[in-house]
Amino acid sequence: MIIAPGPASRKLGLRIAEVLHIKATPIEFKLFPDGESYICYTEDVSGENVVIVQNTCPPQDVNLIRLLLLINTAKDLNANSVTAVVPYFAYARQMRRSRPGEAISVRTIIGLIEKAGADRVITVNIHNTSILNWFSIPVQNLSAIPLLASFFKARGLTGAFSFAPDDGALEANREADKILGGGYGYLDKERDAITGEIRIKKKMFDVKDRDCVVFDDIISTGATMEVAVKTLKKQGARRVYAACVHPILVADARERVLSSGAEEIIGTDSVPSPVSAVSIVPIIAEALKRKA
Ligand code: R5P
């Protein structure tokens, strides 16, 4: 097995290779003057089990095209197998048609990855696990929530209340609660498909004078996390931390979450960011080892 670190996940790919004590094959990248991507495997990969590590975080479309080029070229160069490690799976939130005529984009993306020649996909906390059923190749969805919860435990937050900003993140909160042990709850949240406006149903939680951690898969604009943090603060929570697997942090999302009352935002290095304090390398390395 060899690692092919894509341009969106170079550091992550090199680190995975280091942990597994395997070779990282150098790949050359550049942009042509008209904006097209160029990739070149500079060493022979024929007969190899190639593990491409290439995230599809913003700029999603550019990173997706590079992922497809990496997969398809490895296949074309006679790699024995191609595994695509895509920690943040772009377009996963576009998984249902809420208006007639809308694209179910994630299904198109899965089709492209398969058509390019991937034999297996590894992702991390995909937005909705029902998407996994749309793959016709083996796919593994790893969870980084135990890593995040362990980070807070090591910070002395044992007994903190784990909170999900919506029922979609409830499973993540069950996982976190197994480590933090302070109970868990979730908000009944609805987002307007057109305006993006978030509405919540009033609910009371046992958080008075307690520390809380809000766990979510993604912080994008920060709107969801803002509502969750404010809800807990209004109900008397002492300290509220914001945790996410994929810190996309669009525009002023970080400031937005902090000014809503969060002590700190902690994310993983699935998406490199100033809050990426927890590494997903161990779970990816473990998943690759199990297969090897
Ligand atoms: C939604 O269901 C997701 O789990 C996240 O809560 C959401 O995508 C975060 O987006 P934003 O930060 O823009 O509210």
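Since we're looking at a predicted model, the values are computed, not measured.

Details of the pairing of strand E13 (residues 240-247)
Along E13, eight of the eight residues are buried, which leaves the element largely enclosed by surrounding structure. Note: strand E12 (residues 212-219) against E13, seven bridges, orientation parallel. Across the sheet, the residue bridging to Val 214 is Ala 242, located in E13. Between the parallel pair E12 and E13, the chain is carried across by helix H6 (residues 223-234), and the sense of this crossover is right-handed. With respect to chirality, the unit in which E13 leads through helix H7 (residues 253-259) into the neighbouring parallel strand E14 (residues 265-268) is right-handed.

Thoughts on the domain arrangement of the protein chain
Under the domain assignment used here, the protein chain contains domain 1 (2-143 + 280-291) and domain 2 (145-269). For domain 1 versus domain 2, the distance between C-alpha centres works out to 28 Å. Taken together, the contact pairs 15 residues of domain 1 with 14 residues of domain 2. Each partner contributes to the roughly 1,200 Å² buried at the junction of domain 1 and domain 2, and carbon and sulfur atoms together form 63% of this total.

A short note on the sheet that holds E13
With parallel pairing, the six strands of this open sheet are ordered in space as E9-E8-E12-E13-E14-E15. Lying at the two open borders of the sheet, with one neighbouring strand each, are strand E9 (184-186) and strand E15 (276-278). Strand-to-strand twist of the sheet, defined as the mean angle between neighbouring strand axes without regard to direction, takes the value 35 degrees. Sheet topology note: the strand E8 (residues 161-164)/E9 ladder contains three bridges and is parallel. By the bridge assignment, Ala 164 is partnered in E9 with Tyr 186.

Remarks on the site of the ligand
Around the ligand, the surrounding shell holds 14 residues, and the nearest of these are Arg 93, Asp 216, Asp 217, Thr 221 and Thr 224. One of the side-chain N or O atoms of Thr 221 is found 2.5 Å from an oxygen atom in the ligand. Interatomic distance of 2.5 Å between a side-chain N/O atom of Thr 224 and an oxygen atom of the ligand. A molecule is said to occupy a pocket when more than half its atoms come within 2 Å of that pocket's grid points, and by this definition the ligand occupies the largest pocket.

Some thoughts on the sheet that holds strand E6 (residues 120-124)
Pairing is parallel in the open sheet, where five strands are placed in the order E1-E4-E5-E6-E7. Since the sheet does not close on itself, it has two edges, and those belong to strand E1 (2-5) and strand E7 (139-142), each with one partner. For this sheet the average axis-to-axis angle between neighbouring strands, irrespective of direction, equals 20 degrees. For strand E4 (residues 49-53) and strand E5 (residues 81-86), the ladder comprises five bridges, and the chain directions are parallel.

Overview of the packing of helix H2 (residues 60-76) against helix H3 (residues 105-116)
Two elements in contact, H2 and H3, have axes whose closest approach is 8 Å; the angle formed by their N-to-C orientations is 25 degrees. With respect to H3, the axis of H2 lies roughly parallel. For the pair H2 and H3, contact is made by Leu 64, Leu 67, Leu 68, Ile 71, Asn 72 and Lys 75 and by Ile 109, Leu 112, Ile 113, Lys 115 and Ala 116, respectively. Looking at the contact of H2 with H3 residue by residue, the class counts come to eight nonpolar, one polar and two charged.

Topic: unusual backbone geometry
Residue Pro 59 is bonded to the preceding Pro 58 through a cis peptide linkage, with omega at 0 degrees. Within the chain, Leu 249 stands out as a residue other than glycine whose phi angle is a positive 45 degrees. Assignment of secondary structure puts Leu 249 in the loop between E13 and H7. On the basis of relative accessible area, Leu 249 is assigned to the buried category, the value being 14%.

Looking at H2
Across its 17 residues, H2 extends 24 Å between first and last C-alpha, which sits within 8% of the 24 Å expected from 1.5 Å per residue. Restricting attention to buried positions, one finds in H2 the residues Asn 63, Leu 64, Arg 66, Leu 67, Leu 68, Leu 70, Ile 71 and Ala 74. Those residues of H2 that are buried lie in contact with strand E2 (27-31), strand E3 (37-41), E4, E5 and H3. Where H2 terminates, the next one or two residues include Asn 78, which has phi positive at roughly 70 degrees.

Reading the values: rules and limits
- Residues numbered from 1 in each chain as written.
- Predicted model: local features only at pLDDT ≥ 70, side-chain atom pairs only at ≥ 80, totals over all residues.
- Heavy atoms only, no water.
- Buried < 20%, exposed > 50% of the residue type's maximum accessible area, 1.4 Å probe, protein only.
- Helix = DSSP H or I, 4+ residues; strand = E, 2+ residues; numbered from the N terminus.
- Pairing = 2+ DSSP bridges.
- Right-handed = clockwise from strand over helix to strand, strands pointing away.
- Domains from an automatic or database assignment.
- Contact = heavy atoms within 4.5 Å.
- Buried area = accessible area lost by both parts, 1.4 Å probe.
- Axes fitted to C-alpha atoms, helices over the stretch in contact; angles between N-to-C directions.
- Near = heavy atom within 4 Å.
- Polar contact = N/O pair within 3.5 Å; in protein donor to acceptor, adjacent residues only side chain to side chain.
- 1 Å grid on protein atoms, 1.4 Å probe; cavity = no way out; pocket = protein on both sides within 12 Å on 5 of 7 lines; lining within 4 Å.
- Sits in = over half its atoms within 2 Å of the grid points.
- Parallel < 35°, antiparallel > 145°, perpendicular 65-115°, else oblique.
- Nonpolar A, V, L, I, M, F, W, Y, C, P; charged D, E, K, R; others polar.
- Expected span 1.5 Å × (residues − 1).

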